[in-house]
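Geometric and topological summary
Listed below are the residues making up each chain.
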6 protein chains.
Amino acid sequence: MRPELLEPPSGDVRDAVERALREDLTPLGDLTAALLPAGATATARFVSRANGRLAGVACATETFAQVDPAVEVSWFCADGAVLEPGTVIGEVSGALASVLVAERTALNFLGHLSGIASRVAQFVERAAGGARIWDTRKTTPGLRSLEKAAVRAGGGHNHRGNLSDWIMLKDNHLTGMSIAEAVAAARDRWPARTVQVECDHSEQLVEAIDCGADLVLLDNMTPDEIRHCVAVAAAAEAAGKGRPLLEASGGITIDTVAEFAATGVDLLSSGALTNSAPVLDIGLDIGA
Amino acid sequence: MRPELLEPPSGDVRDAVERALREDLTPLGDLTAALLPAGATATARFVSRANGRLAGVACATETFAQVDPAVEVSWFCADGAVLEPGTVIGEVSGALASVLVAERTALNFLGHLSGIASRVAQFVERAAGGARIWDTRKTTPGLRSLEKAAVRAGGGHNHRGNLSDWIMLKDNHLTGMSIAEAVAAARDRWPARTVQVECDHSEQLVEAIDCGADLVLLDNMTPDEIRHCVAVAAAAEAAGKGRPLLEASGGITIDTVAEFAATGVDLLSSGALTNSAPVLDIGLDIGA
Amino acid sequence: MRPELLEPPSGDVRDAVERALREDLTPLGDLTAALLPAGATATARFVSRANGRLAGVACATETFAQVDPAVEVSWFCADGAVLEPGTVIGEVSGALASVLVAERTALNFLGHLSGIASRVAQFVERAAGGARIWDTRKTTPGLRSLEKAAVRAGGGHNHRGNLSDWIMLKDNHLTGMSIAEAVAAARDRWPARTVQVECDHSEQLVEAIDCGADLVLLDNMTPDEIRHCVAVAAAAEAAGKGRPLLEASGGITIDTVAEFAATGVDLLSSGALTNSAPVLDIGLDIGA
Amino acid sequence: MRPELLEPPSGDVRDAVERALREDLTPLGDLTAALLPAGATATARFVSRANGRLAGVACATETFAQVDPAVEVSWFCADGAVLEPGTVIGEVSGALASVLVAERTALNFLGHLSGIASRVAQFVERAAGGARIWDTRKTTPGLRSLEKAAVRAGGGHNHRGNLSDWIMLKDNHLTGMSIAEAVAAARDRWPARTVQVECDHSEQLVEAIDCGADLVLLDNMTPDEIRHCVAVAAAAEAAGKGRPLLEASGGITIDTVAEFAATGVDLLSSGALTNSAPVLDIGLDIGA
Amino acid sequence: MRPELLEPPSGDVRDAVERALREDLTPLGDLTAALLPAGATATARFVSRANGRLAGVACATETFAQVDPAVEVSWFCADGAVLEPGTVIGEVSGALASVLVAERTALNFLGHLSGIASRVAQFVERAAGGARIWDTRKTTPGLRSLEKAAVRAGGGHNHRGNLSDWIMLKDNHLTGMSIAEAVAAARDRWPARTVQVECDHSEQLVEAIDCGADLVLLDNMTPDEIRHCVAVAAAAEAAGKGRPLLEASGGITIDTVAEFAATGVDLLSSGALTNSAPVLDIGLDIGA
Amino acid sequence: MRPELLEPPSGDVRDAVERALREDLTPLGDLTAALLPAGATATARFVSRANGRLAGVACATETFAQVDPAVEVSWFCADGAVLEPGTVIGEVSGALASVLVAERTALNFLGHLSGIASRVAQFVERAAGGARIWDTRKTTPGLRSLEKAAVRAGGGHNHRGNLSDWIMLKDNHLTGMSIAEAVAAARDRWPARTVQVECDHSEQLVEAIDCGADLVLLDNMTPDEIRHCVAVAAAAEAAGKGRPLLEASGGITIDTVAEFAATGVDLLSSGALTNSAPVLDIGLDIGA
């Protein structure tokens with residue numbers, strides 16, 4: 001997998017690191033580092049303490065660059081790398097004070113983003129190629145682009161980046177409009193955009209297929225219901241109609257993802273990938 | 001518990017909400033909301049779907065204010081409130097388009113911060129008054145002050161806000177200096193500041209007590225080791241020495257917190273409270 | 001047409017107005033307004049001096065709000081309104097100094113954005129429903145979302161908001177890959193996203209249709225070539241293949257748009273709509 | 001002409017480029033560039049497609065620096081250079097993905113600013129040394145300093161940078177004050193600042209000369225009226241009075257500028273130079 | 001004196017207050033205010049403890065508005081008001097916690113800016129109308145526009161706002177150019193701008209007058225030398241040449257300002273007005 | 001003394017320099033530098049004109065870096081260095097225009113911050129080791145972290161960085177609570193934080209000692225009163241109670257500091273150190 005694909009926009013990285021360092025250092029700086037002997041240097045290694053998937057390397061690099069450009073940073077792994085307990089991820093070398101000032105911020109980025117990548121990778125593995133794993137807009141406020149990049153690092157894919165990306169018609173949008181009318185309005189207003197329809201039951205799916213939706217969200221359905229919907233869509237396709245992509249959401253957990261993936265649905269989405277992934281335990285081992 | 005205590009600085013709330021809305025709406029705004037009939041309005045209720053503790057009300061309020069100041073927002077619960085499935089937290093009323101644009105951002109804040117408050121509250125309950133629950137600097141980058149406020153909403157307490165708060169002497173700071181020398185240097189440089197020493201075993205604790213540390217971190221000790229340290233500190237106090245506050249860290253989980261709390265240690269800290277708490281499930285039920 | 005559809009995200013409006021006022025007032029404020037007699041007030045009317053289409057009302061409102069919240073602002077027209085010489089667009093009333101300080105900034109927004117809306121409206125009128133008018137990413141740096149909203153106010157539609165919106169495969173992306181391989185890679189990486197292919201001749205169009213592209217850019221073709229492509233696409237559709245939307249770009253001007261629109265192509269795009277539209281002449285008539 | 005004179009403040013360049021890249025890449029980055037083969041590189045040349053004058057080089061350089069500092073950028077022309085169809089302006093070399101990500105933003109800056117410089121250069125050429133070409137405060141919101149630098153690149157001059165620069169007394173400032181009283185108040189409040197008076201007819205000019213205005217705006221006058229004013233000013237000078245600089249504004253177009261310039265007026269200003277200049281067509285030719 | 005004249009741009013006020021509150025509250029807010037009883041309110045009065053001149057009212061108002069819009073703020077004095085020990089300047093009323101959080105920030109603005117206004121007022125009084133008191137660019141970094149407004153509040157006047165305002169030719173600019181050449185170049189490049197020349201002795205003054213400089217800085221001259229320069233300028237004027245404004249700088253203190261003002265020079269400038277003025281002692285008396 | 005201890009967080013330095021350059025250059029840049037001959041270069045030296053203590057080197061370095069990274073900057077002194085008239089502090093070498101553009105901003109930082117360091121150093125010298133010199137929160141708005149670093153450069157120490165640092169109980173916090181209750185509440189809410197109590201007379205000191213305050217502010221007491229308080233604290237300590245650190249504030253000036261320092265009090269604080277220190281006279285001598 002190519003690193004370029006996995007990285008968030010560099011401007012977002014810079015901004016996020018600036019905010020993180022400011023909140024950790026204002027107003028007096030690192031009181032404890034100020035006690036260190038002048039000229040003390042250190043070499044330190046980022047080491048994984050757990051199994052998982054790496055993400056956040058650009059943020060960690062930027063953290064050291066902003067704290068002290070003289071610190072040398074080298075990475076032995078890239079975003080997306082498989083980690084085991086003991087995997088040495090990278091190495092930094094420079095003034096001990098600079099290393100200590102940057103340590104927690106760099107680790108907070110690596111841990112948070114690798115936590116997301118790792119959980120995504122677990123889902124991907126369990127889905128076993130039966131369906132793709134998709135994120136949602138349920139991200140940590142202010143970290144959308146970084147977390148979406150971490151999802152890619154974990155082998156997952158990105159759903160809508162935001163409300164400006166494509167049209168998603170839910171119940172509340174359909175007040176006084178049929179699905180067909182709403183899809184037509186969307187096509188009219190926003191040519192060439194993906195139009196998605198949320199369906200609670202297979203009758204709505206039929207309606208969505210008939211009006212040519214590109215993508216249908218099967219919301220909170222059981223695997224059996226989803227299998228039924230997959231069959232409905234296949235029948236429609238056989239009848240010469242377009243077949244929308246089918247996304248299932250609701251109840252997708254690490255325990256259920258394999259069963260859902262086996263239904264024939266195209267995409268499985270879960271907010272928990274980004275808003276409930278525990279941190280991946282990565283440490284910084286500091287030597288003399 | 002008083003709401004004023006629980007809220008983060010209002011400037012941080014404003015900035016965080018601005019970033020969150022920008023990342024969800026740039027560059028074209030909400031494509032789907034643009035299809036709604038003109039003049040459509042809605043009343044919607046924030047409802048908890050789970051047991052937990054509320055946090056993030058200020059962020060949710062600010063989200064609606066930034067999207068559309070004409071939306072009326074009223075809250076039936078404040079930060080720190082106990083939530084059950086079905087608890088109605090608050091109500092918003094205004095243009096349907098505005099409600100839908102703000103919905104996900106407001107929920108992302110409420111879910112993330114209430115998730116932290118809820119996990120903290122579980123730890124506090126299990127600790128049963130035997131020790132206080134403390135957060136760490138292991139927070140989500142850019143959300144430090146909001147997450148620390150959520151910890152307070154959950155009944156926990158705040159450790160160092162950042163590196164500028166107090167002195168914490170770890171292994172890496174003690175290169176070429178004894179604990180006593182380092183504490184003396186800290187007192188000399190930073191009068192009246194809390195000085196904390198990290199100890200791996202009780203011999204270091206004795207050293208820290210002898211040089212008058214205010215606070216000692218007992219790092220990665222078992223409950224038995226901690227109990228021994230508590231006894232060591234008590235003996236020192238009986239001998240007329242000052243007794244530092246004792247913090248235990250490492251291995252504190254929802255399953256072990258009660259046992260650790262029963263050791264007599266003063267404070268139990270865990271990075272997982274802020275960096276690994278799953279979101280609390282809160283929804284917005286939208287009516288006509 | 002509904003105003004909600006036409007407005008840019010309010011955060012972008014606030015930021016743009018802040019920048020504009022800062023650059024017009026730093027560091028000493030309005031030297032001339034400082035000479036006005038204390039207590040002088042004024043009522044002033046925004047009046048169109050030309051035929052056109054209105055855009056930028058939210059920016060003008062925000063300008064007065066930031067300069068002096070006590071200035072009363074009322075609008076008789078909304079974004080998208082047809083303007084003629086003499087059309088009274090809105091009225092402001094308050095301290096004369098505040099009105100004069102805000103005047104140029106408000107007019108710069110109204111003039112620039114209405115200029116875009118007006119040019120778009122001319123294209124739309126000439127196209128006469130034969131094809132939709134689409135903008136591009138050729139916008140003024142920093143004003144993307146405001147200019148895209150102005151395009152909507154003029155009756156046009158929005159192409160990609162930015163590089164993050166959908167996939168657009170041009171020559172330079174196809175190094176070492178066939179169109180079919182590139183489209184397949186795009187579908188694989190970015191499920192449910194619009195995939196667009198740029199074609200220089202109809203052979204490429206056939207290739208793009210065969211691999212199921214959603215949208216094809218017919219680049220720099222003559223009306224005759226476009227007509228041929230429209231026929232090719234129709235034939236493919238008749239043969240049971242999907243028919244992509246067809247966009248023509250290159251050489252679309254106010255003089256040629258009608259001819260291009262009559263070719264049967266779906267969408268006509270032109271960078272000149274946003275990067276070369278002259279300002280619409282709108283003035284502020286200030287009374288006592 | 002020296003490049004240093006032509007460039008805008010570097011802080012403004014950095015900010016403008018940051019905003020432009022953010023709006024083009026948020027939140028997911030360049031979806032299409034992510035499909036490129038790893039390690040692909042390119043050399044590309046900025047080439048003019050039209051006759052004109054170059055501006056915006058600092059912005060283009062900064063765009064590549066922010067996207068990828070490893071891209072090598074070299075320029076064969078500086079701001080102010082005369083361009084013809086085919087003129088190779090500069091060359092960039094580096095990762096193909098980086099070049100494609102930066103391309104549109106760099107071109108948007110170059111095209112917009114060179115468009116302004118080119119129109120200014122046309123006016124300057126037609127004026128043939130008979131009067132100087134002056135810009136106004138009618139600039140694109142947020143781009144004032146960049147556009148004013150582009151005016152200099154085109155051989156024009158800068159009028160007031162903003163409201164804080166000098167005093168300009170218009171009708172609305174003269175409520176209840178004579179010109180003489182207003183000029184005296186301005187001299188009193190703001191010593192050593194340029195004081196300008198707007199005049200609609202030559203009687204006002206006499207009044208402005210008598211009270212020692214530094215600069216007079218002859219507003220919306222015909223060439224004949226302006227010639228009369230020039231004579232009035234000359235007569236006053238011959239009579240030992242100071243002669244203000246005379247600026248004409250209103251109706252100055254590429255077709256009329258020569259006639260206005262021949263009247264003997266000192267300065268000709270036009271908002272259209274900055275707010276209505278079409279983009280200059282510059283492309284990026286990408287090689288392997 | 002009119003308040004409108006004295007106030008800095010409102011955008012600068014907002015930004016400065018945001019920064020000041022952030023640096024005083026990040027990351028945990030006011031730890032002590034969090035201990036106050038819920039519902040406690042207070043009324044408090046800003047009272048001068050010294051003789052001086054008021055400045056900074058807009059900043060203090062904005063501070064309370066940002067901390068808590070529910071706090072009521074009313075002012076009995078405006079910027080520029082004469083203060084004595086005991087003068088009640090204004091009153092705030094609202095939640096005690098809000099008042100205490102805002103107190104120091106509001107006082108820091110009022111004290112710093114009133115300190116500048118007060119020192120300026122002393123200089124103005126001593127100058128006794130014999131010369132105007134001018135500030136310089138020697139301001140506190142980041143507070144230029146606020147401090148320049150405070151100078152106006154003290155009865156002083158504003159020299160150049162910044163490097164973009166007018167031309168000031170010093171020794172270092174005259175390498176390889178005569179004064180006459182440099183002034184001519186300035187007139188050529190920047191029509192209608194004030195051109196100032198720094199002179200160390202009266203021969204240079206003659207040269208500056210001969211080439212028509214608008215303003216001359218007499219640098220580090222004694223009162224006698226200045227008197228000589230005033231005579232030189234008067235003689236030139238009598239001879240029909242233009243007379244530049246004369247500014248004296250260097251050695252102007254509260255003790256010498258009267259003597260310098262009596263020389264006939266037009267303007268006396270001192271960096272100490274803005275960069276060395278002690279704070280004016282203003283307190284906040286808090287009642288129940 | 002180690003430089004690392006003295007420097008403010010680098011993010012704060014970057015932000016402060018950006019703001020300072022923007023306010024000095026917007027919107028047209030340095031009009032005068034634009035007249036310099038192309039290719040002119042200069043070497044210039046920062047030279048002290050007075051006795052004092054250096055601070056602000058990081059800000060000056062950053063100023064040149066932002067204006068023109070090609071300017072070479074080298075320092076012969078670090079923050080905290082003792083300066084005499086004629087001390088050469090550092091040297092810059094590069095384009096003359098760049099040196100002149102950066103000059104005033106760099107000097108404003110150096111002068112302001114060195115002014116603070118110099119005054120602090122005077123206090124430290126007079127205190128002669130008898131008490132430490134402490135700053136306050138009475139800093140220039142927006143420059144807190146830079147000024148606190150300057151205090152360290154002068155040999156002083158930092159009191160609370162901000163309201164989030166530790167608890168300080170003043171009169172207004174004690175409404176309806178005794179000192180003992182308030183201290184207990186503070187210990188309860190904010191474990192391990194410094195708790196400070198403000199006392200107006202020695203009875204309050206006794207109360208503060210009895211409840212275990214860490215730090216007591218003796219507010220506006222005479223040296224005799226302070227001596228009495230020192231004795232009270234010593235007696236308490238002899239009686240086996242903890243002895244808080246004693247801070248005296250109010251009336252501490254360069255003339256009185258020695259007398260106050262001789263009382264046996266631990267810390268002497270004065271707002272005047274940061275909000276009323278005159279600038280230190282440092283110049284930039286520019287050679288060819």
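Note that this is a predicted model, so its numbers are computed, not measured.

**Comments concerning the interface of chain B and chain C**
Contacts between the two partners involve 14 residues from chain B and, on the opposite side, 16 residues from chain C. Buried surface at the junction of chain B and chain C, both sides included, amounts to about 1100 Å², of which 51% is carbon and sulfur. Its largest share of buried area at the contact with chain C, chain B owes to B:Pro27, B:Leu28 and B:Ala34, together 50% of the area lost on that side. Linking chain B with chain C are one salt bridge, by the criterion used here. Linking B:Arg22 and C:Asp15 is a salt bridge whose minimum nitrogen-to-oxygen distance equals 2.5 Å. The tally of links from chain B across to chain C stands at two residue pairs in polar contact (both at pLDDT 80 or more). Of all elements in the fold, only α2 (10–25) and α3 (57–67) of chain B reach the threshold of two or more residues within the side of chain B that touches chain C. Looking at the side of chain B that touches chain C, its residues break down into 10 nonpolar, three polar and one charged.

**A look at the sheet that holds strand β11 (residues 267–269) of chain D**
Residue and element names in this part refer to chain D. One open sheet accounts for six strands, arranged β6-β11-β10-β9-β8-β7; its pairing is parallel. The sheet terminates laterally at β6 (132–134) and β7 (167–169), the two strands that pair on one side only. The sheet shows a mean angle of 25 degrees between the axes of neighbouring strands, taken without regard to direction. Taken together, the five bridges between strand β9 (residues 215–219) and strand β10 (residues 245–249) define a ladder with parallel strand orientation. The residue bridging Val216 from the neighbouring strand is Leu246, located in β10. Where helix α6 (residues 179–189) meets the sheet, it contacts β7 and β8 (195–199), and its direction lies at approximately 160 degrees from that of β8.

**Digging into the environment of B:Leu36**
Tracing the backbone shows B:Leu36 in the loop between α2 and β1 (41–48). Taking the C-alpha atoms as reference points, B:Leu36 and B:Asn162, separated by 126 residues in sequence, lie 46 Å from one another.

**Quick notes on the arrangement of the chains**
One finds no contact linking chain A with chain E; the least C-alpha distance across the pair is 7 Å. At no point do chain C and chain F touch; the closest pair of C-alpha atoms across them sits 7 Å apart.

**Let's talk about the relation of the copies chain C and chain D**
Turning one copy of the chain about an axis and sliding it along that axis gives the other copy, so a rotation and a shift relate them. Between the two copies, chain C and chain D, the superposition gives an RMSD of 0.0 Å; the rotation angle is 180 degrees and the shift along the axis is 0.0 Å. In symmetry terms, the pair is related by a two-fold rotation axis. Of the interface residues in chain C, 100% have counterparts in chain D that sit at the interface too, so the contact is made through matching surfaces.

**Re the domain arrangement of chain A**
By domain assignment, chain A separates into domain 1 (3–125 + 277–286) and domain 2 (166–270). In this structure, domain 1 of chain A and domain 2 of chain A have C-alpha centres spaced 40 Å apart.

**Some points on the relation of the copies chain B and chain C**
Each copy of the sequence occupies a distinct position, and chain B is placed on chain C by a rotation of 120 degrees and an axial shift of 0.0 Å, giving an RMSD of 0.0 Å. What the superposition gives is, in effect, a three-fold axis relating one chain to the other. Across chain B, the rotation axis passes nearest the C-alpha of B:Asp15, at a separation of 7.3 Å.

**Some points on the interface of chain C and chain D**
Opposite the 58 residues of chain C that make contact, chain D presents 59 residues. Summing both partners gives a buried area of about 4900 Å² for chain C against chain D, and 58% of it is carried by carbon and sulfur. In this assembly, chain C and chain D are joined by four salt bridges. With its nearest N and O atoms 3.0 Å apart, the salt bridge here joins C:Arg144 to D:Asp24. Connecting chain C to chain D are 30 residue pairs in polar contact (both at pLDDT 80 or more). Looking at the side of chain C that touches chain D, the elements that each hand over two or more residues are α2 (10–25), α4 (96–127), β7 (167–169) and α6 (179–189) of chain C.

**A short note on the sheet that holds strand β10 (residues 245–249) of chain A**
Residue and element names in this part refer to chain A. Within the open sheet, the six strands sit side by side as β6-β11-β10-β9-β8-β7. Their pairing is parallel. Of all strands in the sheet, those bounded by a partner on one side alone are β6 (132–134) and β7 (167–169). Taking each pair of neighbouring strands and ignoring which way they run, the sheet shows an average axis angle of 25 degrees. Across three bridges, β6 lies against strand β11 (residues 267–269) in parallel orientation. The partner of Trp134 across the bridge, within β11, is Ser269. Its contacts with the sheet place helix α7 (residues 202–210) against β8 (195–199), β9 (215–219) and β10, and it is angled at close to 160 degrees to β8.

**So, helix α3 (residues 57–67) of chain C**
With eight of 11 residues buried, α3(C) lies mostly within the body of the structure. Where α3(C) is concerned, the buried positions are C:Val57, C:Cys59, C:Ala60, C:Glu62, C:Thr63, C:Phe64, C:Gln66 and C:Val67.

**Structural notes on the packing of aromatic side chains**
Where two aromatic rings form a pair, the distance of their centres and the angle of their planes describe that pair. Tallied over the entire structure, the rule returns 18 aromatic pairs over all chains. Where B:Phe46 meets B:Trp75, the ring centres are 5.4 Å apart and the plane angle is 20 degrees; that geometry is what we call stacked. Taken as a pair, B:Phe46 in strand β1 and B:Trp75 in strand β3 (residues 72–75) lie far apart in primary sequence, 29 residues in all. The class of B:Trp75 is partly exposed, set by a relative accessible area of 21%. Plain terms: the ring middles of D:Phe46 and D:Phe64 are 6.1 Å apart, the flat faces sit at 80 degrees to each other, and that makes the pair edge-to-face. Here the residue D:Phe46 occupies a position in strand β1 (residues 41–48), and D:Phe64 occupies one in helix α3 (residues 57–67), the gap between them amounting to 18 residues. No difference in accessibility class separates D:Phe46 from D:Phe64, as the two residues are buried. Three or more aromatic residues link up through ring pairs in this structure, and these residues are A:Phe46, A:Phe64 and A:Trp75.

**Quick look at the pattern of salt bridges**
Following the criterion strictly, the structure yields 72 salt bridges over all chains and no others. A salt bridge links F:Arg132 to B:Asp188, with the nearest nitrogen and oxygen atoms 2.8 Å apart. Residue F:Arg132 is found in strand β6 (residues 132–134), and its partner B:Asp188 is found in helix α6 (residues 179–189); the two belong to separate chains. Among the residues examined, F:Arg132 registers a relative accessible area of 28% and is labelled partly exposed. We note a salt bridge from C:Arg45 to C:Glu91, for which the minimum N-O separation is 2.9 Å. Highlighted residues: C:Arg45 in strand β1 (residues 41–48) and C:Glu91 in strand β5 (residues 88–95), separated in sequence by 46 residues. Salt bridges here are not isolated pairs; linked through shared partners, they connect A:Asp24, B:Arg137 and B:Arg144.

**Description of the side chain of A:Arg160**
Among the structural elements, A:Arg160 can be located in the loop between α5 (144–153) and β7. No salt bridge is formed by the buried A:Arg160. Its closest oppositely charged neighbour is B:Asp30, at 5.2 Å. Within polar-contact distance, the side chain of A:Arg160 engages the backbone oxygen of A:Trp166 at 3.1 Å. Discounting residues that sit within four places of it in the chain, A:Arg160 has contacts with A:Arg137, A:Lys148, A:Asp165, A:Trp166, A:Met168, B:Thr32 and C:Arg193.

**Examining the pairing of β9(A)**
Along a regular strand, successive side chains alternate from one face of the sheet to the other. Residues and elements named next belong to chain A. The element β9 is extensively covered by neighbouring structure, given that five of its five residues are classed as buried. Side chains of β9 alternate between two faces, with Leu215, Leu217 and Asp219 and Val216 and Leu218 buried alike. For the crossover that starts at β8, traverses α7 and ends in the parallel β9, the hand is right-handed.

**Things to note about helix α8 (residues 223–238) of chain D**
Residues and elements named next belong to chain D. The end-to-end C-alpha distance of α8 is 22 Å, a good match for the 22 Å that 16 residues give at a rise of 1.5 Å each. All buried positions along α8 are accounted for by Pro223, Ile226, Cys229, Val230, Val232, Ala233 and Ala236. Downstream of α8 by a residue or two, Gly240 has a phi angle that is positive, lying close to 90 degrees.

**Thoughts on the side chain of B:Asn158**
Residue and element names in this part refer to chain B. In this structure, Asn158 sits in the loop between α5 (144–153) and β7 (167–169). With relative accessibility at 0%, the residue Asn158 sits in the buried group. A distance of 2.7 Å separates the side chain of Asn158 from the side chain of Asp135, its partner in a polar contact.

**Some words on the confidence of the model for chain A**
When pLDDT is averaged across chain A, the result is 95; 98% of the residues are at 70 or more. Taken together, the chains of this predicted complex give a pTM of 0.97 and an interface ipTM of 0.97.

Reading the values: rules and limits
Residues numbered from 1 in each chain as written. Chains lettered and ligands numbered in written order. Predicted model: local features only at pLDDT ≥ 70, side-chain atom pairs only at ≥ 80, totals over all residues. Heavy atoms only, no water. Contact = heavy atoms within 4.5 Å. Buried area = accessible area lost by both parts, 1.4 Å probe. Salt bridge = Lys/Arg side-chain N within 4 Å of Asp/Glu carboxyl O. Polar contact = N/O pair within 3.5 Å; in protein donor to acceptor, adjacent residues only side chain to side chain. Helix = DSSP H or I, 4+ residues; strand = E, 2+ residues; numbered from the N terminus. Nonpolar A, V, L, I, M, F, W, Y, C, P; charged D, E, K, R; others polar. Pairing = 2+ DSSP bridges. Axes fitted to C-alpha atoms, helices over the stretch in contact; angles between N-to-C directions. Least-squares fit on C-alpha atoms with pLDDT ≥ 70 in both. Domains from an automatic or database assignment. Buried < 20%, exposed > 50% of the residue type's maximum accessible area, 1.4 Å probe, protein only. Phe/Tyr/Trp six-rings, centres within 6.5 Å; stacked < 30°, edge-to-face > 60°. Lys, Arg positive; Asp, Glu negative; His and termini not counted. Right-handed = clockwise from strand over helix to strand, strands pointing away. Expected span 1.5 Å × (residues − 1). pLDDT = per-residue confidence, 0-100.

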